[in-house]
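# Architecture and fold: a report
So the chains spell out like this:
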Amino acid sequence: MFPKSILTQHMLFLCPPASWTMANQKCVFCGHCAFSFLAFNVAMSGQRPAKLQKLNDFRRKLPQVSHTALAAVCEEIAKEGLPEAHRRKDVKDAVDQELGHWNAYGPLLTTSQVQALDGGTFPLAHINFLSYIHALVKTPGGYSTMFLEKHAANPSSYEAPWELLIYSDEVDPGHLATRDAKKTWGVYVSFMQLGPVMLSKEASWHTILSARSSVVSQASSSLSQVVRLLLESIFGHPQAQPHLSGVVLQCPNGTSFRLWFKIGFMIQDGGAQKFCWSYKGDSATKYCMLCRNNGFTTVTTNLTHQEEDEDSSNVVCQLTKLNQLVLCSDVDILHSWDRLTAKKSTCNASDFQLRQQATGLVRGEMALLHSTLLRPFLQPCKQFMHDWMHCCCASGIMNIVLFLTFQKLQQHMPIWTEMAAYCTFWILPHSLQSCKVQHLFSAKKVESSKAAGRFKCSGAEMLTLLPIVTYFIQTICLPAGIAILECTAFLQMAKVVELLRQADFGRVHHNTLAQEVDEALACCVKAKWQSHMIRKFHWLWHMSQHVKNHTHLVSCWCMERKHKTISRFVKPKKDPTSFESSVLSEVINQEMFLCKQPNTFLVACGLCQPYKAPLKLRQLVAHLLQIPIPSPQDCQTSLQARCQFGTCAKGDVVLVASPHGLQPWTAAHVWVHFTMGTTSCCIAAAWEFSNYDHTTHVASWKKSEQIFLCNHVDILAPVTYSMSKEVVKTMVPYNLRQ
């Protein structure tokens, strides 16, 4: 620990207050007045107008480019120099050359013929995955290192193959004028054995298809045929059989090994599941593909169906207990498909339509379930995984539950305005501060929510808001005895969401999840919300089965972020000819570049994007460590650092491991991050523990002026906190609770 008196003045240079000016301060270590720095700036300011004019003239000569993009290009040229080849043709040739290098199992970018609705065919560009994974492993860099480490720790074999995960979703480029023309289906793949941490990184998922929705809709059986084509190109490859002889991959050092893998499962939202598995969904008599019994009824509700989502607002759960479900098996679904196929030639059109209505299946000659090549690998039940993010947080269960709870609370208090003010008391970690949760309760947003019959927000905003609303209900609403049934249902459903988050990392047993889901849905029934329990409520029952089958869930948070890569190259694309191949070429080049970077898959605790520490920080470090002033090469700093469960930024409040204290952790306020040689740590102010509430899972602390050096490996996680004059309250993450 170091007394603050030693550091006060010097820390002004690291965290200066808003009222502070450099002209009246001196550094206690270097002794130089800051006025000389200001004088230098004044002398240089006379040249700034001419420089800005030159920059503006330069920009006006160019095609439209954003401020950020132009600044990045100029900065890179200043640092690395202008590439010798820089004509438009050279740029295109560079893209093609990168893809042309890799053809171990045929061309990396290939095309296949798709059967159209009119009976003809058309070509569809997609990625040759076997050549792609060969390229990623052979190229030295972060992905190759990570992949080889994972394979060495858990080798694949014929008896124990790895599992290929498939994700598909429709990407909206967001440009209103052309959004319908440029909506794109993206298909990503990865391997289950990479582990939960790596599967939460966008770069671990590889794009194998980027095709406009208008093109996919022209295919017979739509997305189902496209997914079938992609899987047949992998498991029916003429040069390798991943499930039988394995795929030979080369390491950067020239040695080779075999990778065996099979189809693991498909993680999708409800809309993609319907298209992929040729299932009717809400329009069928049997709504759920995984259940034999119906379990649903149609009612009239005040919910609107404004989202491009997979859930109908008037189809609600009729069953309320997990043990009421009669689950299908893989054989049930495959035999049902075979019976439909047999009846196709003997039934008239109306009778056949009734059979499809009853089974919920939509038979098609080119559908995934109709593939004879893939039939030995298909397990529709085991390979079907609901996406809990869309289920709960993106126009999902929590949006309905929170809205209904607030509508009940509105009878007792002005909850919408109260919550807007209450959210301002809580300070989020830097990584979450883009979510302005208090703005979700503006008058315009509230009216929009009331019109929709559900709380309108993004999935990330919902996840950020939940702990704050939970604490409000626990400490204000329940003690006052208002809306007890509704508040209890909300708290139980919020607990289920927390368990689902932990299930992403395999920290939850399937029986525990099943019990909590049963309790949450029972609470919803007690709150008389049955008419609002849309099909997504039913999905929750299947989550525990997914955990049982695969040990952990896979959420779609990182895939939603990955959509930005496709959108980045789709938005400026104007020429519809060779649209798919052009976008795919750019996307794959971008992915391969990221996979080559040494720090893309780095998870060890340490600095994110480090840079040379300024002199004043190096002088401070020297004083604290009682060493000579280190050189800029030996001492680095950064605004953010990796810790055990996420990243923490300068200014965050964090929980730090404290194995010998009253609690397994203590709280600290991060001042600055730095590294010295192999030591990676931060300067922080430790706070004094007061108490821990086991009901709300909120810890209270007294602010302290004790400064200490904290190793990044000891930082557990940044936390949301509120601060009064004397007391600080921190919300303890679920995985760190006692």
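All figures in this text were calculated on a predicted structure; none of them were measured in a lab.

## Section: the overall build of the protein
A count of helical and extended segments in the protein gives 25 helices and 24 strands. Across the 738 residues of the protein, 51% fall into the buried class. As displayed, the protein has an accessible area near 33,800 Å², and 55% of this comes from carbon and sulfur atoms.

## Looking at the sheet that holds strand E11 (residues 384-386)
The strand order across the open sheet formed by five strands is E5-E4-E3-E8-E11, and the pairing between neighbours is mixed. Of all the strands in the sheet, the pair left with one neighbour each is strand E5 (206-212) and E11. Across this sheet, the average inter-strand angle for adjacent strands is 25°, counted without regard to direction. Two strands pair when backbone bridges link them, and strand E3 (residues 162-171) and strand E4 (residues 184-191) are joined in this way by eight bridges, in the antiparallel orientation.

## Quick notes on the packing of helix H20 (residues 484-503) against helix H22 (residues 535-550)
Contact pair H20 / H22: the axes reach a minimum separation of 12 Å and the direction vectors enclose 35°. Every pair of crossing elements has a handedness; the one defined by H20 and H22 is left-handed. In this structure, H20 uses Met493, Val496, Leu500 and Ala503 to contact H22, whose residues at the interface are Phe537, Leu540, Met543 and Val547. Its residues assigned to classes, the contact of H20 with H22 comprises eight nonpolar, no polar and no charged.

## Some remarks on helix H7 (residues 142-153)
Helix length check: H7 (12 residues) gives 17 Å between terminal C-alpha atoms against 16 Å at 1.5 Å per residue, within 8%. Among the residues making up H7, those that are buried are Gly142, Tyr143, Ser144, Met146, Phe147 and His151.

## Quick word on unusual backbone geometry
Residues other than glycine seldom take positive phi values, yet Lys528 does so here, at roughly 65°. Along the chain, the position of Lys528 falls in the loop between helix H21 (510-526) and H22. With phi around 55°, Gln626 is a residue other than glycine that occupies positive phi space. Tracing the backbone shows Gln626 in the loop between helix H25 (615-625) and strand E15 (635-638). Its relative accessible area of 66% is what places Gln626 among the exposed residues.

## A word on the sheet that holds strand E17 (residues 646-649)
An order of E13-E16-E17 is seen for the three strands of this open sheet, with the pairing classed as antiparallel. Each edge of the open sheet is held by one strand with a lone partner, namely strand E13 (606-608) and E17. Put simply, the sheet's adjacent strands are angled 40° from each other on average, direction ignored. When strand E16 (residues 640-643) meets E17, the two strands line up antiparallel, connected through four bridges. When the sheet's bridge partners are listed, Cys643 is paired in E17 with Gly646.

## Quick look at the packing of helix H17 (residues 415-423) against helix H19 (residues 459-480)
Packed helix pairs are characterised by how far apart their axes lie and by the angle those axes make with each other. Put simply, H17 and H19 touch, their axes get as near as 11 Å, and they point 115° apart. Our classification of the angle between H17 and H19 gives roughly perpendicular. The handedness of the crossing between H17 and H19 comes out as right-handed. In this structure, H17 contributes Ile415, Met419, Tyr422 and Cys423 to the contact, and H19 contributes Leu465, Ile468, Val469, Tyr471, Phe472, Thr475 and Ile476. For the contact of H17 with H19, the class distribution of residues is 10 nonpolar, one polar and no charged.

## What to know about the packing of aromatic side chains
One pass over the full model with this rule turns up 27 aromatic pairs. An angle of 45° between the planes, with centres 6.3 Å apart, marks the rings of Phe403 and Trp416 as tilted. Taken together, the residues Phe403 in helix H16 (residues 397-409) and Trp416 in helix H17 connect sequence positions 13 residues apart. Of the two residues examined, Phe403 and Trp416, each falls in the buried class. With a centroid separation of 5.0 Å and 70° between ring planes, the pair formed by Tyr422 and Phe472 is classed as edge-to-face. Of this pair, Tyr422 sits in helix H17 while Phe472 sits in helix H19, and the two are 50 residues apart along the sequence.

## Digging into empty space enclosed by the protein
A complete count under the given rule lists three cavities of 30 Å³ or more for this structure. Within this model, the largest cavity holds a volume of roughly 120 Å³. Considering the residues around the largest cavity, the lining is formed by Gly270, Gln273, Lys274, Tyr279, Tyr287, Cys288, Met289, Phe384, His386, Arg535, His538 and Trp539. Counting only elements with at least two residues in the lining of the largest cavity, the list comes to helix H12 (270-276), E11 and H22. Taken together, the residues of the lining of the largest cavity break down into six nonpolar, four polar and two charged.

## Some words on the state of the cysteines
Enumeration according to the criterion identifies zero disulfides in this entry. Distance from the sulfur of Cys477, which forms no disulfide, to the nearest cysteine sulfur (Cys487) is 4.6 Å.

## Quick look at the nonpolar core
Membership of the largest hydrophobic core comes to 178 residues, with the highest contact counts inside it found for Phe147, Phe261, Phe537 and Leu540. The element contributing the most residues to this core is H20, with 11 residues. In this structure Phe147 touches Ile133, Val137, Trp162, Phe191, Leu194, Leu249, Phe257 and Leu259, once residues within four positions along its chain are discounted.

## Digging into the pattern of salt bridges
As enumerated under the stated definition, the model contains 11 salt bridges in all. A salt bridge links Glu365 to Arg363, with the nearest nitrogen and oxygen atoms 2.6 Å apart. When its relative accessible area of 13% is taken as the criterion, Arg363 is described as buried.

## Things to note about the confidence of the model for the protein
Taken over all residues, the pLDDT of the protein has a mean of 88, while the share at 70 or more is 89%. Taken together, the stretch residues 1-40 has pLDDT below 50 and engages in 60 contacts with residues farther than four places along the chain or on a different chain. Across residues 305-310, where pLDDT falls below 50, the model places 20 contacts with residues more than four positions away in sequence or in other chains.

## Considering the side chain of Ser567
Counting through the fold element by element, Ser567 comes out in helix H23 (residues 557-570). Of the residues examined, Ser567 reaches a relative accessible area of 11% and is grouped as buried. Dropping the residues within four chain positions of it, Ser567 is found in contact with Val171, Asp172, Pro173 and Pro572.

## Focus: the side chain of His134
Tracing the chain through its elements places His134 in helix H6 (residues 129-138). Excluding residues that lie within four positions of it along the chain, His134 makes contacts with Ala104, Tyr105, Val248, Leu249 and Gln250.

## Section: the environment of Ser221
Structurally, Ser221 can be placed in the loop between helix H10 (213-216) and helix H11 (223-235). Of the residues examined, Ser221 reaches a relative accessible area of 21% and is grouped as partly exposed. Measuring from C-alpha to C-alpha, the distance between Ser221 and Glu365 comes to 7.8 Å, with 144 residues separating the pair along the chain.

## Here's the deal with H17
Of all the positions in H17, only Ile415, Trp416, Met419, Ala420, Tyr422 and Cys423 are classed as buried. One side of H17 holds all its buried residues, which, seen down the axis, span an arc of 165°. Against the buried residues of H17 lie H16, strand E12 (426-427), helix H18 (443-452) and H19.

About the thresholds
Residues numbered from 1 in each chain as written. Predicted model: local features only at pLDDT ≥ 70, side-chain atom pairs only at ≥ 80, totals over all residues. Heavy atoms only, no water. Helix = DSSP H or I, 4+ residues; strand = E, 2+ residues; numbered from the N terminus. Buried < 20%, exposed > 50% of the residue type's maximum accessible area, 1.4 Å probe, protein only. Areas by Shrake-Rupley, 256 points an atom, 1.4 Å probe, with all protein chains shown as cover. Pairing = 2+ DSSP bridges. Axes fitted to C-alpha atoms, helices over the stretch in contact; angles between N-to-C directions. Left-handed = near helix turned anticlockwise from the far one by under 90°. Contact = heavy atoms within 4.5 Å. Nonpolar A, V, L, I, M, F, W, Y, C, P; charged D, E, K, R; others polar. Expected span 1.5 Å × (residues − 1). Parallel < 35°, antiparallel > 145°, perpendicular 65-115°, else oblique. Phe/Tyr/Trp six-rings, centres within 6.5 Å; stacked < 30°, edge-to-face > 60°. 1 Å grid on protein atoms, 1.4 Å probe; cavity = no way out; pocket = protein on both sides within 12 Å on 5 of 7 lines; lining within 4 Å. Points joined across faces, edges and corners; volume = space filled by probe spheres on them. Disulfide = S-S within 2.5 Å. Core = buried A, V, L, I, M, F, W, Y, C linked by side-chain atoms within 4.5 Å. Salt bridge = Lys/Arg side-chain N within 4 Å of Asp/Glu carboxyl O. pLDDT = per-residue confidence, 0-100. Arc of directions from axis to C-beta.

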